[in-house]
Structures are given as structure tokens and as C-alpha cells.
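Understanding the architecture of this molecule
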Amino acid sequence: MAESMEKPPKDIARNEEYEEEEQSFEELGLDPRLIRALIKKGIEKPTPIQLVAIPLILEGKDVVARAKTGSGKTFAYLLPLLQKLFADSGSKNKLAPSAFILVPTRELCQQVYTEVSSLIELCRVQLKVVQLTSSMPASDLRTALAGPPDILVSTPACIPKCFSAGVLQPASINGSLEILVLDEADLLLSYGYEDDIKALTAHIPKRCQCLLMSATSSGDVEKLKKLILHNAFILTLPEVGDIKDEVIPKNVQQFWISCSGRDKLLYILALLKLELVQKKVLIFTNTIDVGYRVKLFLEKFGIKSAVLNAELPQNSRLHILEEFNAGLFDFLIATDDSQTKEKEEANVESNAEPRKSRKHAKQKLDSEFGVVRGIDFKNVHTVVNFEMPQSAAGYVHRIGRTGRAYNTGSSISLVSSDEMEVFEEIKSFLGDDENQDSNSIAPFSLLSKNAVESLRYRAEDVAKSVTKVAVRESRAQDLRNEILNSEKLKAHFEVNPRDLDLLKHDKVLSKKPPAPHLRDVPDYLLDPTTQEASKFVKLARAAMGNTNSARRGGSKRKFKKNKDPLKTFSAESQAPKRARNGGMKREDKGGDNSHKQKNRKSS
Ligand SMILES: Nc1ncnc2c1ncn2[C@@H]1O[C@H](COP(=O)(O)OP(=O)(O)OP(=O)(O)O)[C@@H](O)[C@H]1O
């Protein structure tokens, strides 16, 4: 903390020079071992936040970095952190880890831990990283901290737990801690970790370098800044000055469909069955029951999906994420963490302070579950809001699960009349102006009314069979299965950490297999316009596949608008009789293309 106090605070709010420069990791002063490791991961060029943060962190500055979801904040702090520890690894008389990385959820712990471990392995250096969770018994905590390890990744709640179990001494932290990272800093306080962080701050030595990473700015980040930092470098990296571009990656196209709450199952069926969205697809619901309802409903039509929620055991959740990321299944129905808390624990929320309510509901839901914020879903092309999130911030974080780093993505929100208020709130948050022509969220025009109506009879019939009892039974059955799996997984992954194919999470929950007439949509039910649109989505997918392989090759990573079929496809030219201002066409609007190209170049 001391170093940054010598200098006045500095605000770097997107500097043109970063946009144009094609700086490499070498030029940022990164260790060749790390550069080689990155190349093995297919990463060759720093993202804008990495470009500015890495040199500052290497210089020892305290940094607050705010950059949109999926912009590469994790490597922005991990790479310089590891480099500093390479240099430091000679000093062995430490009694506590040299670096703490604190994150709000277990899922993030696991993600960061995996990333650090893989970098260490690829760099072939002798650094030890451990991951702690607050549910670990004291004996496991003691074993993990023996040594001590160089890097500790955990939620903040673990630190006071280690103090009270006597496995970590405050004085040792004071003598050893060199770098403290608070990742997803905008969420740490709302997850109820304020007291845990305060318990640590008293023992952070003055020389310790502190880094705060966040996707959005909020009062909570300011509070943390005051608590931990004194005079940090503030990095703010939106792509352009416009609010909507600050928060949602530019390469995510956002759409919406107006439909009644009752028709949502029908619409999701039409989108998936008629292949109007590109895979992989992440579907968000607000409650666990609705998640299972969607799963059971889709199953009847032969569409397999997995469910992810706070009720499932941790091992299963991590495994579901791994399998989905590895591409073992295409559809994942996730129940948004904050929504789960609000809806499932309604009886304990009211005016209670968040930490208390989380504890109260502990038997039922894992309070450290977090599937939306910060989780790096790999190659999710489409995010579907089956139900709308309850806030604009929730929307931003959900949509941020696609279009990560240099990938493209799209989102489709199914909005019922009850949800119009929050939808308007989201639109105004994104900077949409009623009087202006341009909308951040455009109507989705690839799905015609005829196409939807042709599926209505079957969908409504099947929806009736997915009763509350069926949902409850499936939920209980899935939980039982996953608890069993969880134990098996624990044992198995200790021995075979890379084996992903042991258990499938998208297994069918209904007792009967889908009826053949529901599995395939007969030709006479297919609406020609939608069929045409589906063809284009398939073509786009094939072309995107090529783009992806070019991306893996590295040098062609830059996303080119005119090569992206999703961006160039015009609903008007391909299907002239349909709505004129919707679907993919909106990308062609907005005139200032040279500006967009320029920004994309830097992203
Ligand atoms: N320089 C880079 N080039 C290409 N891909 C990158 C680069 N840096 C990071 N990535 C990849 O981009 C993805 C998103 O990175 P990361 O999870 O760090 O984003 P983030 O900014 O932390 O997002 P969020 O706010 O949602 O947590 C990851 O899959 C990561 O491997």
C-alpha cells in the first residue's frame, strides 16, 4: 500500500494511444516463461486492460481496474502477480502465503485456481497455489496452509475462519503478504464479505501491493478502495464514451421477444427446435423450479440440457461447468445466483442484512454459489433470458457470459408484460433513448408468428404434462443423483483431474423417452420464412467455426465485422417480406463504421 501513496492518484480513462498500438506481451516486460505459457494457451496479444494494467502492476503500483465483462481482467492481474513471485521465490522464511486472491464465489475460486495452476505448470516454476473454502474442516485448512503455499485463492470468509482455527496467524500475514487481489470487487460487499475483509485489512502490511478488479463501478468498489487502498492508479477501460458500450461487450448482439409468461416455453422451444440460435446456449431462469420446468419441457421434444443452481453440491456444479466449457453438451439452464437468493429465500430476505440471510438459508442453498458473475463460460454463443433479471446490473452480468475476449455472441430476452418495467429500466441503463432510432436491444425478427403458432398446439399440450409435482420430483431426483455423483466425482477427480467424461449432467429426468412425433418437427409444421432464417443461422455457425479455428491460430484473432455472417446478414435482403428493423439487420445501422472498426481493433 505504501508505494502508491507517494504518487497522486491517476485516472487512465481509455487513452487513444492504447487503441492504436499493437503492443505485445514482450513489450510490456512480461517474463518469457509466461509468454510461452500464453502462446500454448493460444493467447498472443494483450487485451486493452492487460495493456495498461500489467506494466503498472509490475512496477508495484496499487491498481483499481474497471473493465467490462470478458475483457481479460484475470490475466491482467495474474500474469504480473506470478512474475513478481518468480522473482520472490528465493525468500523461503515466510509463514504465510505471499499473495492472496479473494473472490466472491466458490465457482470463481475454482476458476482462478485452475488458471493459476495451469500457468505455473506451463511455466515450470516451483510455486504452490492452494484453494480454500469456508466449509473446509480445520484439519484440511491446516494441511493446505502448511509450507506455506505462495498463493492462496479463496473467498474472504475463509480468512477469519483460518484465524479462529489457529491455522493462519495475523502476524504471519503481516510478515509475508506481498500482493492482495480483490477480484470481482464490485460484488464482494454485496455478497456479505465486508466484515471478513475488515478482519484482514488490519493485518495487511504497508508494503503490500493491492489490486481491485471489477466489471462495474459502484459504491461498494469505492468503499473497498477506501478500506484497502490509499492512492491507487484508477484504470477505466470502456471502449467508447457511450454507456452501453462501457458495460456490454461490443461484440454481443442483443435481441428481445415480446411474449406472454405462458408462452415462454413455446418460444424457447421454437428458438431451439427451429435452430434459430447458435450453440452453445446458456438459458437463465430466476428460480430453480422454473429451471427444471424448462428442462423437463425441452426433454419431451428430445432437447437435452443440464441444470445449474445453488442447490446442487459443489463438486457437481464445478463438474457441470467443466463439461459445458469442454463442449460435452450444448444447453445449460442456469438459475441466476442473486435471483435465487431473492426468490428462494424470500422468507428470510426482507430487511435483513445479506450475510445473515445467507447463513440462515445455508442448509438449503450454498451461499457462496455464483454462476453469473465472473464465471468464464467458454464459447457460449447465445444467452437466453427465459425470465428477465431483476436489475440492469443483473442483465449486464448475464449477457457478459457471451462475447468474451475476442468471441462474438448474442442474447435473446423473452419479455412478458409483467417484465416490461425492468426491461425499460435495462434499456435506459444501456442508454437507449425512446426518441432515437438506435436500440441496444432490437426485436428478434428471425422467428415469425407463423412458425411459433405452428408449434403452439404441441407445446401447450406438453407444457400441461410438466406439472408442479413432476418438477418437484425431478428436482429432488436430480439433487439425489448429483449428491451421489458429487462423492464419486470427489474421489475420481483426485486421481484423474482431467477426466471430464465420467458423468453426464444433461441426462434425461423424465421417466418416458420423448415421443417420436415431438422429437422431430414435421415439414408441414415448418414455416418457410423461419426455415430460411434457420438455414442462415446454420450457415453462420459453419462460418463461425472457421473463424474460431483462425482464432486458435492466433494471428488472425482480430474480429472483422465484414467477415462475420451474423453482422452482414440482412433480414431485409434475405427475407424481404419480414419485419424491416429487426433481427440481425440492426448491425448495419448506426453509420459510423470506421469508428466501430477502430474500436473493435483494440478490443
Ligand atoms: N489477451 C487475450 N487474448 C485472448 N483471449 C484472452 C486474453 N486474455 C484473456 N482471454 C480470455 O478471455 C476470456 C475472458 O477473460 P476473463 O475471465 O479474465 O474476463 P473478465 O474481464 O474477468 O470477465 P468478468 O468480468 O466476466 O469476470 C477467458 O477465456 C480468457 O482466457
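Bear in mind that the values here come from a model prediction, so they are computed numbers and not experimental data.

What follows covers the overall build of the protein. Scanning the protein for helices and strands turns up 28 helices and 15 strands. Contacts in the protein between residues at least 24 apart in sequence constitute 81% of all its contacts with a sequence separation of at least 6.

All told, the structure shown has 17 salt bridges when counted by the stated rule. For lysine 41, the salt bridge is made with glutamate 115, and the minimal N-O distance between the two is 2.9 Å. In this pair, lysine 41 is assigned in the loop between helix H3 (32-40) and helix H4 (48-58) and glutamate 115 in helix H6 (residues 106-123), connecting sequence segments 74 residues apart. Here glutamate 115 falls in the buried class, since its relative accessible area comes to 19%. Its salt-bridge partner being aspartate 289, residue arginine 475 comes within 2.9 Å of it at the nearest N-O pair. Placement of arginine 475 in helix H23 (residues 468-495) and of aspartate 289 in helix H15 (residues 288-300) is noted, with a sequence separation of 186 residues between them. Residue classification places arginine 475 among the buried residues on the basis of a relative accessible area of 11%.

Below, the discussion takes up the pairing of strand E14 (residues 409-415). The side chains of a regular strand alternate, first on one face of the sheet and then on the other. Within E14, 7 of the 7 residues are buried, which leaves it mostly tucked inside the rest of the structure. Across the two faces of E14 the burial is the same, with Gly409, Ser411, Ser413 and Val415 and Ser410, Ile412 and Leu414 all buried. Relative to E14, strand E9 (residues 252-258) runs parallel, the two being bridged by 7 bridges. Considered in E14, the bridge of glutamine 254 is made with serine 411. When strand E13 (residues 382-385) meets E14, the two strands line up parallel, connected through 4 bridges. Bridge assignment links valine 383 to a residue of E14, and that residue is serine 411. Taken together, E13, helix H20 (residues 392-399) and E14 constitute a β-α-β crossover, and its handedness is right-handed.

Right, let's talk about the UniProt feature "domain: DEAD-box RNA helicase Q" (unreviewed entry) in the protein for a bit. In the numbering used here, UniProt assigns the "domain: DEAD-box RNA helicase Q" (unreviewed entry) feature to residues 23-51. Counted over residues 23-51, helix gives 45% and strand 0%. Its end C-alpha atoms are 7 Å apart.

This part is about the site of the ligand. Of all residues adjacent to the ligand, which total 22 residues, the nearest are Lys45, Gly70, Thr74, Glu184 and Asp376. One of the side-chain N or O atoms of glutamine 50 is found 2.8 Å from a nitrogen atom in the ligand. Here lysine 378 contributes a side-chain N or O atom positioned 3.1 Å from an oxygen atom of the ligand. If the ligand stood free it would expose 640 Å²; the protein chains cover 92% of that surface. Per-element tally for the shell around the ligand: the top contributor is helix H5 (residues 73-88), with 3 residues. When the residues that make up the shell around the ligand are grouped by side-chain class, the tally is 6 nonpolar, 8 polar and 8 charged. Summarising the domain contributions, the shell around the ligand has at least three residues from each of domain 1 (32-240) and domain 2 (243-339 + 369-464 + 515-547).

A cis amide bond links glycine 147 to the next residue, proline 148, at an omega of -10°. Mapped onto the elements, proline 148 comes out in the loop between helix H7 (138-145) and strand E5 (151-154). The linkage connecting lysine 279 with the following residue, lysine 280, adopts the cis geometry, with an omega of 0°. With respect to the secondary-structure elements, lysine 280 resides in the loop between helix H14 (264-273) and strand E10 (281-285).

The description of an aromatic ring pair rests on the distance of the ring centres and on the angle between the ring planes. Within this structure, the stated rule accounts for 5 aromatic pairs. Relative to phenylalanine 444, the ring of phenylalanine 255 has its centre 5.6 Å away and its plane inclined at 75°; by these criteria the two rings are edge-to-face. Of this pair, phenylalanine 255 sits in strand E9 while phenylalanine 444 sits in the loop between strand E15 (441-443) and helix H22 (449-465); the two residues are 189 residues apart in sequence, bridging distant segments of the chain. The class of phenylalanine 444 is buried, set by a relative accessible area of 8%. Ring plane angle 55° and centroid distance 5.2 Å describe the contact between phenylalanine 297 and phenylalanine 301, whose orientation is recorded as tilted. Judged on exposure class, the residue phenylalanine 297 and its partner phenylalanine 301 are both buried. Cluster of aromatic residues (ring-pair linked, three or more members): Phe324, Phe329 and Phe377. The residue whose ring lies beneath lysine 280 is phenylalanine 324, and the NZ or CZ to ring-centre distance is 4.9 Å.

Right, let's talk about H3 for a bit. Every buried residue of H3 is listed here: Leu34, Ile35, Ala37 and Leu38. The buried residues of H3 occupy one face: seen down the axis, they fall within an arc of 160°. Residues of H3 that are exposed and point more than 90 degrees away from the buried face comprise Arg36 and Lys40. Here the buried face of H3 lies against H5 and H6. Where H3 begins, the side chain of aspartate 31 points an oxygen toward the backbone nitrogen of arginine 33, at a separation of 2.8 Å. The first or second residue beyond H3 is glycine 42, which carries a positive phi of 80°.

As a further point, take the sheet that holds E9. With parallel pairing, 7 strands are arranged side by side in an open sheet as E11-E12-E10-E13-E14-E9-E15. Looking at strand neighbours, the two that pair on one side only are strand E11 (306-308) and E15, the edges of this open sheet. Ignoring which end each strand starts from, the neighbouring axes of this sheet average 25° apart. Together, E9, E14 and E15 form the strand contacts of helix H21 (residues 420-429), whose direction differs from that of E15 by roughly 130°.

Structurally, asparagine 174 can be placed in helix H9 (residues 170-176). Remark: the alpha-carbon pair of asparagine 174 and leucine 95, spanning 79 residues in sequence, is separated by 9.6 Å. Setting aside chain neighbours within four positions, we find asparagine 174 in contact with His203, Ile204, Pro205 and Arg207. Within polar-contact distance, the side chain of asparagine 174 engages the backbone oxygen of histidine 203 at 3.4 Å.

On to the nonpolar core, then. Counting residues in each nonpolar core, the largest one holds 121 residues, and the members touching the most others are Ile101, Ile151, Phe297 and Leu447. Excluding anything up to four places from it in sequence, isoleucine 101 contacts Tyr77, Leu78, Leu81, Val112, Val116, Ile151, Leu152, Val153, Ser154 and Val181. Of all hydrophobic cores here, the second largest spans 38 residues; its members include Phe100, Ala144, Val167 and Ile204.

Cut-off values and rules
- Counting restarts for each chain: residues are numbered from 1 in the order of the written sequence.
- With the structure being a predicted model, the display of local features is reserved for residues of pLDDT at least 70 and the display and counting of side-chain atom pairs for 80 or more, all residues being used for whole-chain, interface and lining totals.
- To obtain the side-chain values, all non-hydrogen atoms of the structure were used and water was disregarded.
- Secondary structure elements follow DSSP: runs of H or I of four or more residues count as helices, runs of E of two or more count as strands, with numbering from the N terminus.
- Note on contacts: a residue pair qualifies if any of its non-hydrogen atoms lie within 4.5 Å across the two residues.
- One speaks of a salt bridge when a side-chain nitrogen belonging to Lys or Arg is within 4 Å of a carboxyl oxygen belonging to Asp or Glu.
- Using a 1.4 Å probe on the protein chains alone, a residue whose accessible area is under 20% of its type maximum counts as buried, one over 50% counts as exposed, and one in between counts as partly exposed.
- Strand pairing requires that DSSP identify at least two bridges connecting the strands.
- Think of it like this: strands point away, you trace from the first strand over the helix to the second, and a clockwise trace means the crossover is right-handed.
- UniProt positions are given in the numbering used here, feature names are shortened, and annotations may be inferred rather than shown by experiment.
- Proximity criterion: a residue is near a molecule or strand once any of its heavy atoms comes within 4 Å of it.
- In protein, a polar contact means a hydrogen-donor-capable atom and an acceptor-capable atom, both N or O and within 3.5 Å, with residues adjacent in sequence counting only if both atoms are side-chain atoms; elsewhere, any N or O pair within 3.5 Å suffices.
- Accessibility throughout is a Shrake-Rupley quantity obtained with a 1.4 Å probe, and a residue counts as covered only by protein chains that appear here.
- Amino acid classes used here: Ala, Val, Leu, Ile, Met, Phe, Trp, Tyr, Cys and Pro are nonpolar; Asp, Glu, Lys and Arg are charged; the rest, including Gly, are polar.
- Residue ranges assigned to each domain were obtained from an automatic or database domain assignment.
- Ring pairs shown here join Phe, Tyr and Trp side chains whose ring centres sit within 6.5 Å, with only the six-membered ring taken for Trp; geometry is labelled stacked below 30 degrees between planes, edge-to-face above 60, and tilted in between.
- Lysine and arginine charges are scored as sitting over a ring when NZ or CZ, respectively, is within 6 Å of the ring centre and within 35 degrees of the ring normal.
- This arc is built from the directions going out from the helix axis to the C-beta atoms.
- Lines fitted to C-alpha atoms define the axes here, with helix axes fitted over just the stretch in contact, and angles between the N-to-C directions of these axes take values from 0 to 180 degrees.
- To qualify as a nonpolar core, a set must consist of buried Ala, Val, Leu, Ile, Met, Phe, Trp, Tyr and Cys residues joined through side-chain atoms within 4.5 Å.

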